Amino acid sequence: MALIVSACLLLVVLTTVIHYEVLRGLSLWLPELPIRPRAKLIVVILGTFMAHLLEIALYAFAVFALVRYAGLGSVGDEGRFSLAVSLYFSAETFTSLGYGDVVPGGDVRLLAGTEALNGLLLIGWSASYAYIAMERFWRDGLGERI
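Our subject in this report is the structure included herewith. Everything quoted here is computed from the prediction, not taken from an experiment.

Before going further, it helps to spend a moment on the overall build of the protein. Assigned secondary structure in the protein consists of four helices and two strands. N-terminal to C-terminal, the α/β element order of the protein is α-α-β-α-β-α. Principal-axis analysis of the C-alpha atoms gives the protein an extent of 60 × 25 × 20 Å. Looking at the protein residue by residue over its 146 residues, the buried ones come to 38%. Taking the contacts inside the protein whose residues are at least 6 apart along the sequence as the reference set, 71% of them involve residues at least 24 apart. With an accessible surface of roughly 8,500 Å², the protein has 69% of that area assigned to carbon and sulfur atoms. The centroid of the 10 positive side-chain charges in the protein is displaced by 11 Å from the centroid of its 12 negative side-chain charges.

What follows is the structure, encoded as structure tokens:
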């Protein structure tokens, strides 16, 4: 159980740092970017999307390692468990989609709960950032023609 708790804490810290650095980079880079304000919003969405994909991948690798190598639970059908299943499960959990077709068992369930909460927080952070960016870039683009 100590390994799962440590993995949860490490992943929350890593994903928060990744998210912070991506948003910080966008904040520094976007004002200097010589494109129309509406195109800057596309960059914001793509940048945050890429951050989320990286964060999902980190959780997926952790799930894969904890199940395959540490034997701390299961994810879905044990006979079909793979990195692809871990990625699917992680994306589903991070976004709180919850289809329920791949279910965790054992200690790894704590990691799944942590990922869902962390995903909700990071997605909310991205939404807030996108809103602030839209306000700023729409204001900057009032003179541009549609």
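What follows deals with the pattern of salt bridges. Applying the stated rule across the entire model yields two salt bridges. The salt bridge partner of Glu21 is Arg24, with a shortest N-O separation of 3.4 Å. With Glu21 and Arg24 both in helix H1 (residues 2-29), this residue pair falls three residues apart, about one helical turn. A salt bridge links Asp77 to Arg80; its shortest N-O distance comes to 4.0 Å. Among the residues examined, Arg80 registers a relative accessible area of 66% and is labelled exposed.

What follows is about the packing of aromatic side chains. If you walk through the whole model with that rule in mind, you get two aromatic pairs. For the pair Phe64 and Tyr69, a centre-to-centre distance of 6.0 Å together with 80° between the ring planes defines the contact as edge-to-face. Seen in terms of ring centroids, Phe64 and Phe81 are 5.5 Å apart; in terms of plane orientation they differ by 15°. Their pairing is stacked. One end of the pair, Phe64, is in helix H2 (residues 37-68); the other, Phe81, is in the loop between strand E1 (74-75) and helix H3 (83-94), and 17 residues separate them in sequence.

Core analysis: the biggest nonpolar cluster contains 18 residues, and Val63, Leu66, Val67, Val75, Phe89, Val108 and Leu111 have the highest contact counts within it. Elements that contribute at least two residues to this core include exactly H1, H2 and helix H4 (108-140). For this core, the element with the most residues is H2, which contributes six residues. If we ignore the near neighbours within four places in the chain, the residues touching Leu111 are Ile4, Cys8, Leu11, Tyr59, Ala62, Val63 and Leu66. Ranked by size, the runner-up nonpolar core spans ten residues in total, among them Leu33, Leu41, Val44 and Ala130.

Procedures and definitions
- Residues numbered from 1 in each chain as written.
- Predicted model: local features only at pLDDT ≥ 70, side-chain atom pairs only at ≥ 80, totals over all residues.
- Heavy atoms only, no water.
- Helix = DSSP H or I, 4+ residues; strand = E, 2+ residues; numbered from the N terminus.
- Buried < 20%, exposed > 50% of the residue type's maximum accessible area, 1.4 Å probe, protein only.
- Contact = heavy atoms within 4.5 Å.
- Areas by Shrake-Rupley, 256 points an atom, 1.4 Å probe, with all protein chains shown as cover.
- Lys, Arg positive; Asp, Glu negative; His and termini not counted.
- Charge placed at Lys NZ, Arg CZ, Asp CG, Glu CD.
- Salt bridge = Lys/Arg side-chain N within 4 Å of Asp/Glu carboxyl O.
- Phe/Tyr/Trp six-rings, centres within 6.5 Å; stacked < 30°, edge-to-face > 60°.
- Core = buried A, V, L, I, M, F, W, Y, C linked by side-chain atoms within 4.5 Å.

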